[in-house]
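# Observations on the three-dimensional arrangement
Below, each chain spelled out in residue letters.
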Amino acid sequence: QQQQAAGSSQPPPSKRQKSKKELAADDGMSLWPLSERRDPAVWRALSGLSATHGAWLGRGRDASQGTYDSLRLACAWRIENPRRSARVEGGTRCMSDELDCLKRKGGVAREVWRDMMTSSTAAALEAQGKLQLRAELNEVLLLHGIPRSSLLTVLANGLNERFSGTHAGAAFGNGAYLAEDLGKADQYVDADANYDPASDLHQRLYGRSYRHPGTALHYALVCRVALGHPIRTKDAGALARSCDDPNERVFPVNVRELAPVPNVAPPMHYHSLIAEKGPGHDRYREFVIFHASDYICPEYLIAYHRENSSALTLSERD
């Protein structure tokens with residue numbers, strides 16, 4: 001055995017890089033690469049998420065540096081994480097029970113699922129049988145931009161509102177923040193410029209058949225999100241008031257939990273917060289979830305390029 005170890009160029013078993021199948025079995029989750037050639041309909045649907053206001057890119061308090069005016073899908077993966085899906089299934093079952101209770105008490109959940117920038121992508125994925133949204137829960141498709149250092153943790157464990165504000169503050173409470181516009185999600189990402197075979201993340205995303213392009217990528221999660229009965233505001237901070245009733249405070253106790261729905265006993269809290277465009281945040285809406293593990297299920301991971309159309313050649317523009 002000593003002679004074999006000394007004469008072998010193979011790393012010891014404990015150091016051998018595992019196959020993606022082995023990693024998936026160990027992780028309890030799988031990341032299935034998608035391609036424009038093999039999955040054209042899904043690719044087109046996900047590509048539609050890159051449509052945004054080019055003049056707004058790279059601007060704003062939360063934006064990272066850079067000059068660019070468009071975003072382009074480069075890579076995509078379908079996420080399968082049975083443990084996280086089961087947690088969301090349990091959470092949304094409780095939400096459904098609460099909404100039924102609200103209806104019995106004469107209340108009506110605010111319908112918002114139709115009014116989303118992501119609606120066309122969601123409809124295309126549903127038509128392909130690749131997504132199922134429940135209108136009665138106000139389930140929608142939303143985006144969460146994420147730095148590469150946090151990505152593997154979130155893929156395995158889901159979004160966690162306890163890390164709210166870690167990278168960019170928490171103007172609308174201590175929840176998990178999502179957007180309907182990739183331009184907003186883009187404010188919270190960083191660049192993944194080169195393939196690193198020693199990276200735990202890259203070992204799960206890339207390989208011989210699905211390669212890192214060797215140029216800067218930025219990551220966003222495409223999530224199925226149950227908004228339930230949301231409250232809306234245009235105000236930032238602990239003293240925020242409802243858009244629909246200026247006497248109603250969004251955070252009557254603290255910024256970790258939303259207000260209870262008025263005139264409902266026993267109390268039932270709002271399920272989500274929609275931060276509408278307002279003073280100081282007039283370009284994008286934001287969606288804040290305060291029980292992320294129960295209501296947010298990442299369905300796809302996308303990697304995209306930032307591009308500057310003024311730097312493209314005529315043939316590239318065409």
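Structure first, text after, so check above.
Just so you know, these numbers come straight off a predicted model, no measurement behind them. (Residues numbered from 1 in each chain as written. Predicted model: local features only at pLDDT ≥ 70, side-chain atom pairs only at ≥ 80, totals over all residues. Heavy atoms only, no water.)

## Remarks on the pattern of salt bridges
Side-chain pairs of opposite charge can arise whenever the charged atoms involved come near each other. Under the criterion given, the structure shown has 20 salt bridges. Between Arg 87 and Asp 294 there is a salt bridge whose closest N-O contact spans 2.8 Å. Highlighted residues: Arg 87 in helix α4 (residues 82-104) and Asp 294 in helix α9 (residues 292-295), separated in sequence by 207 residues. Arg 87 gets classed as partly exposed once you look at its relative accessible area, which sits at 41%. Note that Asp 186 is salt-bridged to Arg 306, the shortest N-O span being 3.0 Å. Placement of Asp 186 in the loop between α7 (182-185) and α8 (200-205) and of Arg 306 in strand β9 (residues 296-307) is noted, with a sequence separation of 120 residues between them. (Salt bridge = Lys/Arg side-chain N within 4 Å of Asp/Glu carboxyl O. Helix = DSSP H or I, 4+ residues; strand = E, 2+ residues; numbered from the N terminus. Buried < 20%, exposed > 50% of the residue type's maximum accessible area, 1.4 Å probe, protein only.)

## Description of α4
Over its 23 residues, α4 extends 33 Å from the first C-alpha to the last, a length consistent with the 33 Å expected when each residue adds 1.5 Å. Considered for burial, the residues of α4 that qualify are Arg 84, Val 88, Gly 91, Thr 92, Met 95, Leu 99 and Leu 102. Taken from the residues just after α4, Gly 106 is the one with a positive phi, measuring 90°. (Expected span 1.5 Å × (residues − 1).)

## Here we look at helix α6 (residues 148-157)
Because each turn of an α-helix spans 3.6 residues, side chains separated by three or four positions end up pointing in the same direction. For α6, every residue scored as buried is listed here: Leu 151, Val 154, Leu 155 and Ala 156. At the C-terminal side of α6, Gly 158 shows a positive phi close to 85°.

## Here's the deal with the packing of helix α3 (residues 40-47) against helix α5 (residues 119-127)
Two measures define how a pair of helices packs: the angle their axes make with one another and the distance between the axes. Where α3 contacts α5, the axes come no closer than 8 Å and their chain directions differ by 165°. Taken as axis vectors, α3 and α5 run roughly antiparallel relative to one another. At the point where α3 passes α5, the crossing takes the left-handed sense. Every residue of α5 that contacts α3 at Val 42, Ala 45 and Leu 46 is listed here: Thr 121, Ala 124 and Leu 125. Partitioning the contact of α3 with α5 into residue classes produces 5 nonpolar, 1 polar and no charged. (Axes fitted to C-alpha atoms, helices over the stretch in contact; angles between N-to-C directions. Parallel < 35°, antiparallel > 145°, perpendicular 65-115°, else oblique. Left-handed = near helix turned anticlockwise from the far one by under 90°. Contact = heavy atoms within 4.5 Å. Nonpolar A, V, L, I, M, F, W, Y, C, P; charged D, E, K, R; others polar.)

## So, the environment of Thr 121
Residue placement: Thr 121 occurs in helix α5. Of the residues examined, Thr 121 reaches a relative accessible area of 3% and is grouped as buried. It is 8.5 Å that separates the C-alpha atoms of Thr 121 and Arg 44, two residues lying 77 residues apart in sequence. Ignoring anything within four residues of it in the chain, the contact list for Thr 121 reads Ala 45, Leu 46, Gly 48, Leu 49 and Leu 141. Polar side-chain contacts of Thr 121 include one of 2.9 Å to the backbone oxygen of Ala 45. (Polar contact = N/O pair within 3.5 Å; in protein donor to acceptor, adjacent residues only side chain to side chain.)

## Considering the packing of aromatic side chains
Across all of its chains, the model carries 5 aromatic pairs by this definition. For the ring pair Trp 77 and Tyr 206, a centre distance of 5.7 Å and an interplane angle of 75° mean the geometry is edge-to-face. Of this pair, Trp 77 sits in strand β2 (residues 70-80) while Tyr 206 sits in the loop between α8 and β5 (218-226), and the two are 129 residues apart along the sequence. Each member of the pair, Trp 77 together with Tyr 206, is buried. Every member of this aromatic cluster is reached through a ring pair, and the members are Trp 77, Tyr 195, Tyr 206 and Tyr 210. (Phe/Tyr/Trp six-rings, centres within 6.5 Å; stacked < 30°, edge-to-face > 60°.)

## Overview of the sheet that holds strand β8 (residues 286-289)
In space, the 4 strands of this open sheet follow the order β4-β8-β7-β6, with mixed pairing throughout. Each edge of the sheet is formed by a strand with only one pairing partner; in this case those strands are β4 (176-178) and β6 (230-233). Going from strand to strand, the sheet's axes swing by 25° on average, the running direction of each strand aside. Bridge count for β4 against β8 is 3 bridges, and the pairing is antiparallel. The partner of Ala 176 across the bridge, within β8, is Ile 289. (Pairing = 2+ DSSP bridges.)

## Notes on the sheet that holds β5
Ordered by their spatial adjacency, 5 strands build an open sheet running β1-β2-β9-β5-β3, and the pairing between neighbours is antiparallel. Edge positions in the open sheet fall to β1 (30-34) and β3 (139-146), since each of these has one partner strand only. Taking the axes of each pair of neighbouring strands and ignoring which way they run, one obtains an average angle of 30° across the sheet. Where β5 and β9 come together, 8 bridges link them in antiparallel fashion.

In short, geometric facts, not functional conclusions.
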